[in-house]
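Below, each chain spelled out in residue letters.
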Amino acid sequence: MKRRTFLQLSGMAAAGSALAGCRKGNEKLIPFLVPPEDGATPGIADWYASACRQCPAGCGILVKVSAGRARKVEGNPRHPINRGKLCPRGQSLVQELYHPDRLRTPLKRSGPRGSGQFVQISWEEALATLADRLRPLAPGDAGKSAVLWTPPLQGYLAELVARFGQGVGRLQHLAWEPFAPEWRRQSLYGHQGLIDYDIENTQYLVSFGADFIDSHLSPVRFNYAFGRMRQERPTVRGRFTYVGPRLSLTAASADRWLPARPGTEWTIAMAMAKRLLPQVEPRVLAAAGLDTAELARLTEPYSVAVVAELTGVRATDIEAAVAKLVAIRPALVIAGEMLVAQRNGPEALRAVELLNLLLGSVNTPGGVYLTRPEAPGNDSSLAELQQTLATLQAGNCDLLLLQGVNPTYNLPPGFGFTEALAQVPLVVSCATFLDDTVRFADLVLPDHANLESWGEAIPSAGARGHTVGLLQGVVKPLHDSRSFPDLLIALAQTLGGATGAAVSEKSFLEGLQQRHAAGNPARWNELLAQGGIFPAEAAPPEPLRQVSLGRPELPPAADADPDFPLQLQIYPSSAFHDGHGAALPWLQQLPDPMTTAVWGSWLEINPQTAARLGIAHGDLVEVGSAAGTVQLPAFLYPGIRPEVVATPLGQGHQGLGRYADGRGVNPLQLSSAPEGGGGFPVPGTIPVRVRRLSEAGELVTAGHPEGSYRRELLGI
Amino acid sequence: MKKKLLIAILLLPLLAAVIGLVVLYHLPLDLEDRAPSQPIAFSHRQHVGEMAIDCRFCHRSVDVSAIAGIPDVDLCRACHLFIAVDRPEITRLAEFWQQNQPIPWERLYRIPDHTYFPHMMHLNAGLECGGCHGAVETMAVTRRVVATKMGWCLNCHREHGASIDCWTCHR
Ligand code: SF4
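Residues numbered from 1 in each chain as written. Chains lettered and ligands numbered in written order. Predicted model: local features only at pLDDT ≥ 70, side-chain atom pairs only at ≥ 80, totals over all residues. Heavy atoms only, no water.

**Concerning the packing of helix H8 (residues 265-276) of chain A against helix H12 (residues 315-327) of chain A**
Residues and elements named next belong to chain A.
- Contact pair H8 / H12: the axes reach a minimum separation of 10 Å and the direction vectors enclose 45 degrees. As summarised for this structure, H8 and H12 are arranged oblique, according to the angle between their axes. When you trace H8 past H12, the crossing you get is right-handed. Facing H8, whose interface residues are Ala 271, Met 272, Arg 275 and Leu 276, H12 presents Glu 319, Ala 321, Val 322, Leu 325 and Val 326.
- Each residue belonging to the contact of H8 with H12 can be placed in one class, and the counts come to 7 nonpolar, no polar and 2 charged. (Axes fitted to C-alpha atoms, helices over the stretch in contact; angles between N-to-C directions. Helix = DSSP H or I, 4+ residues; strand = E, 2+ residues; numbered from the N terminus. Parallel < 35°, antiparallel > 145°, perpendicular 65-115°, else oblique. Left-handed = near helix turned anticlockwise from the far one by under 90°. Contact = heavy atoms within 4.5 Å. Nonpolar A, V, L, I, M, F, W, Y, C, P; charged D, E, K, R; others polar.)

**Quick notes on the environment of Arg 329 of chain A**
All names here are of chain A.
- Mapped onto the elements of the fold, Arg 329 is located in the loop between H12 and strand S13 (331-335).
- Between the C-alpha atoms of Arg 329 and Thr 596, which are 267 residues apart in sequence, the distance is 37 Å.
- A polar atom in the side chain of Arg 329 sits 3.1 Å from the side chain of Gln 279.
- A polar side-chain atom of Arg 329 sits 2.7 Å from the main-chain carbonyl oxygen of Leu 325. (Polar contact = N/O pair within 3.5 Å; in protein donor to acceptor, adjacent residues only side chain to side chain.)

**Let's talk about the side chain of Gln 54 of chain A**
Residue and element names in this part refer to chain A.
- Residue position: Gln 54 is located in the loop between strand S2 (46-51) and strand S3 (60-66).
- Among the polar contacts listed, one links the side chain of Gln 54 to the side chain of Asn 450, at a separation of 3.3 Å.
- The contacts of Gln 54, once residues within four sequence positions are left out, are Arg 89, Leu 93, Glu 96, Asn 450, His 577 and His 580.

**Examining the sheet that holds strand S12 (residues 256-258) of chain A**
All names here are of chain A.
- The 4 strands lie next to each other as S12-S11-S10-S13, forming an open sheet whose pairing is parallel. Here the strands that pair on one side only, and so sit at the sheet edges, are S12 and S13. Shown here is a sheet whose adjacent strand axes are inclined to one another by a mean of 15 degrees, direction ignored.
- Summarising the sheet, strand S10 (residues 204-208) and S13 pair through 5 bridges and their orientation is parallel. Paired with Val 206 across the two strands is Val 333, which belongs to S13.
- Against the sheet, H8 engages S10, strand S11 (239-243) and S12, with an angle of about 145 degrees to S10.
- In this fold helix H14 (residues 345-359) packs onto S10 and S13, with an angle of close to 165 degrees to the strand it touches most, S13. (Pairing = 2+ DSSP bridges.)

**Structural notes on the interface of chain A and chain B**
- Each side of the interface is counted separately: chain A has 21 residues, and chain B has 31 residues.
- Contact between chain A and chain B buries roughly 2500 Å² in total, counting both sides, with carbon and sulfur atoms accounting for 65%.
- When the area that chain A buries against chain B is broken down by residue, the three leading residues are Asn 26, Leu 29 and Leu 33 of chain A, summing to 29%.
- Linking chain A to chain B there are 3 salt bridges.
- Arg 107 of chain B serves as the salt-bridge partner of Glu 27 of chain A, at 3.4 Å between the closest nitrogen and oxygen.
- Summed over the shared surface of chain A and chain B, the result is 7 residue pairs in polar contact (both at pLDDT 80 or more).
- Sorting elements by how many residues they give to the side of chain A that touches chain B places helix H1 (residues 3-22) of chain A first, with 5 residues.
- Considered class by class, the residues forming the side of chain A that touches chain B number 13 nonpolar, 3 polar and 5 charged.
- Pairing geometry for strand S1 (residues 28-29) of chain A and strand S1 (residues 105-106) of chain B, over 2 bridges, is antiparallel. Its bridge partner being in S1 of chain B, Leu 29 of chain A is matched across the sheet by Trp 105 of chain B. (Buried area = accessible area lost by both parts, 1.4 Å probe. Salt bridge = Lys/Arg side-chain N within 4 Å of Asp/Glu carboxyl O.)

**Things to note about the nonpolar core**
Residue and element names in this part refer to chain A.
- By size, the foremost hydrophobic cluster in this structure holds 109 residues, and its most contacted members are Ile 199, Phe 208, Leu 325 and Leu 355.
- Here the element with the most residues in this core is H14; it accounts for 9 residues.
- Each of domain 3 (195-370) and domain 4 (566-713) gives at least three residues to this core.
- In this structure, Leu 325 is in contact with Tyr 204, Val 206, Met 272, Leu 276, Ala 331, Val 333, Leu 355 and Leu 359, ignoring residues within four places of it in sequence.
- Counting residues in hydrophobic clusters, the runner-up holds 42 residues, among them Leu 130, Leu 171, Leu 488 and Trp 524. (Core = buried A, V, L, I, M, F, W, Y, C linked by side-chain atoms within 4.5 Å. Buried < 20%, exposed > 50% of the residue type's maximum accessible area, 1.4 Å probe, protein only. Domains from an automatic or database assignment.)

**Comments concerning the sheet that holds strand S4 (residues 69-75) of chain A**
Residue and element names in this part refer to chain A.
- Strand order in this open sheet of 3 strands is S2-S3-S4, and the pairing throughout is antiparallel. The sheet terminates laterally at S2 and S4, the two strands that pair on one side only. Across the sheet, the axes of successive neighbouring strands diverge by a mean angle of 30 degrees, strand direction being ignored.
- Pairing of S2 with S3, which is carried by 6 bridges, proceeds in the antiparallel orientation. Along S3, the bridge assignment pairs Ala 49 with Leu 62.

**Observations regarding the site of the ligand**
Residues and elements named next belong to chain A.
- In the region of the ligand, the neighbouring residues are Cys 52, Gln 54, Cys 55, Ala 57, Gly 58, Cys 59, Leu 86, Cys 87, Arg 89, Gly 90, Pro 219 and Val 220.
- Residue assignment for the shell around the ligand shows that the elements contributing at least two residues are helix H2 (88-91) and helix H6 (219-231).
- Looking at the shell around the ligand residue by residue, the class counts come to 8 nonpolar, 3 polar and 1 charged. (Near = heavy atom within 4 Å.)

**Let's talk about the domain arrangement of chain A**
Residue and element names in this part refer to chain A.
- The domain architecture assigned to chain A consists of domain 1 (1-34), domain 2 (107-179 + 379-447 + 482-504), domain 3 (195-370) and domain 4 (566-713).
- For domain 3 and domain 4, the distance between their C-alpha centres works out to 29 Å.
- Listed by partner, the interface residues are 22 residues for domain 3 and 24 residues for domain 4.
- Of the roughly 1900 Å² buried between domain 3 and domain 4 on both sides combined, carbon and sulfur atoms contribute 62%.
- Its largest share of buried area at the contact with domain 4, domain 3 owes to Arg 246, Met 338 and Arg 343, together 33% of the area lost on that side.

**A closer look at the environment of Gly 90 of chain A**
All names here are of chain A.
- Inspection of the secondary structure puts Gly 90 in helix H2.
- Residue Gly 90 is classed as buried on the basis of its relative accessible area of 2%.
- It is 7.2 Å that separates the C-alpha atoms of Gly 90 and Val 73, two residues lying 17 residues apart in sequence.
- Residues in contact with Gly 90, not counting those within four places in the same chain, are Cys 52 and Val 73.

Structure representation (structure tokens):
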């Protein structure tokens, strides 16, 4: 062979082998084994209405289902709460359904508690174990009790749980989760009715720490209303002022931001009240049990100059806001979680809400609407939570049954939940994922995902009449799971006796149908198709009766404690809410609206403060409080008061699966005593100190020049 | 001089190979297997050619949906409960059924992401299956006869006077 031919041949061989290396494997085409009974046509989708229960707002959803698989979630245009819109958490429901870390079968603990070692068991065995523990609780017998801990429940499920509890005997129901609208019990409006803000028709809106675009009560509903308030009316563009120490997404949407020192926001409300008072007829106040002279005395000290001093906000800015509130009608004032969580929260809340009364904005267009609920809510207060924990700690509880709550994550260590858990002989957890708390359970019962469940979603805010969203199981359950209500029904059947008699329905779905469309299948189908029962017109509003005000205290001076000179604010993240969304990668990848940070936690710190402490953007810092320390990357954020630092809640899980574990930190570790204002487990601000550790903060932001490409930092 | 020439001659193919690879990397080449071996040696020649079974008997949603549909295992089995039950390939089919497993067929035609290709519109416009899929009635081993690239789509759309607006396919 000539050398040239050899070279040609070897060149071709090299190219050939390189090409073969490029050859891709073909994809697979997987047919059905047996086609679904409803004759699904591949490629053609059906849309089913259901509801989202990822937060108490209860939005209506439409789910695209083709070939028996849920593929996309959209807002239900017929649902009065969200009118076709949806937040990212609702969009991510499909990821909850198909999540690789979902619990698939009942599990029994096989290693030490918390080790995460479980063996599969059958449902029969699981039910028998549970029934054996419930039997001795029958009424009349003396002995220990059991606790069932769920988020606040509504409607049929609340009623079913109550019947089940009565049947079993000494079963105490605790209905508590962080950020449940339970805090509204402190409200001036006095009852736990439905509340709705008529934002779309108002001309001037003032929010005191209510982040209604991020997370407050019913964010999709209020977002929609806010858009209409700004742009829908041909001649007016509603104006908006935000009061609070941190520039949240809501604050950033305002015309004016009054960055008041945390805990002093209410003094601005007092300055407003002082100027409004002369306009108000005494009989209006008398009807609410208030005395004009008394109120005048209460508000007397709060002149704009004094308030400017107290809040650290420029007097001209306060004056502008006060003047607008005095001049513009209709005007509306909203108070929210960031205000109520302060130590003086309940009184501050009422002081702010008083403004609506003075403005004549209660139950009027552009104001706040109050409606009596169909059935009272069953949410437990923080005090009830603490009582229950004391019962557990004292060893007076034989069984703890948890459903849909994650107290290991959501309660600061000071509550002693972990210690309480150690005193309970049997911990049973009914959950979709293994999480921080389920890890410690002895028996794990897999729950249906949202898209597999039947039920009701009854909003407690954002509606003016009894609204019931119907949850529809849009796909067949993927795993060997049971929905929580059906678990209770199965348990009642196993137990028989009083419980069996109290809970006699065959299935939750059947009971639901019975409740809403007894003996009328056509009506039932109609309700399912439209997504629930929506009031045709608003219910008559509930008038304000006697109100009681209280006098808020001023917070301690900012530099009261030289060891911990800064105030840490922990806010619910818009992606994860109280933290349970952290398991879903779409939500992890969702850039935080203000910082664009993804897949982690960060500390927002004012550039002035950072410069003083020698901290640069992205540095690793240590945040220390009386209770402990955490390490976070610093995010230099001009939208925060210099003496305040802030971090979102939601990350820092242990045991919540591959996408959440070990990402960011849980800032609740920094809270020591079980104290907070207004029913929150964590005070609105925690005194901390911040110190620079190194430059390796490893902050990943979508807005970074290298953006999400810094995957080496994410480890995905 | 001669030495330099020699080095140049030796380096040239190397250079050519590198350039070739770079070009290959950027060219939209058709790299997927055109006639992969399937988990069951299904013959279109036998089913379509010899038995004259209509395409729609198995690919049932082709004229109503974007997706033609691959027959479910139950459908294969419905006939083969009685027909040719002892052939080795049919035994394999029975095994899949008994093990509750769908048959993992190798995909031949793939439409790139962000592209919408509705089978039913093409059929309802009067196109023949064979126009794209070739004469499957002659294929004992089914093979892909075209690379589903944009140029190929556009040519056909132009020929038939169909829309070539971006939004027609990329939606
Ligand atoms: S606001 Fe709440 S209920 Fe509505 S879609 Fe988002 S998570 Fe779901």
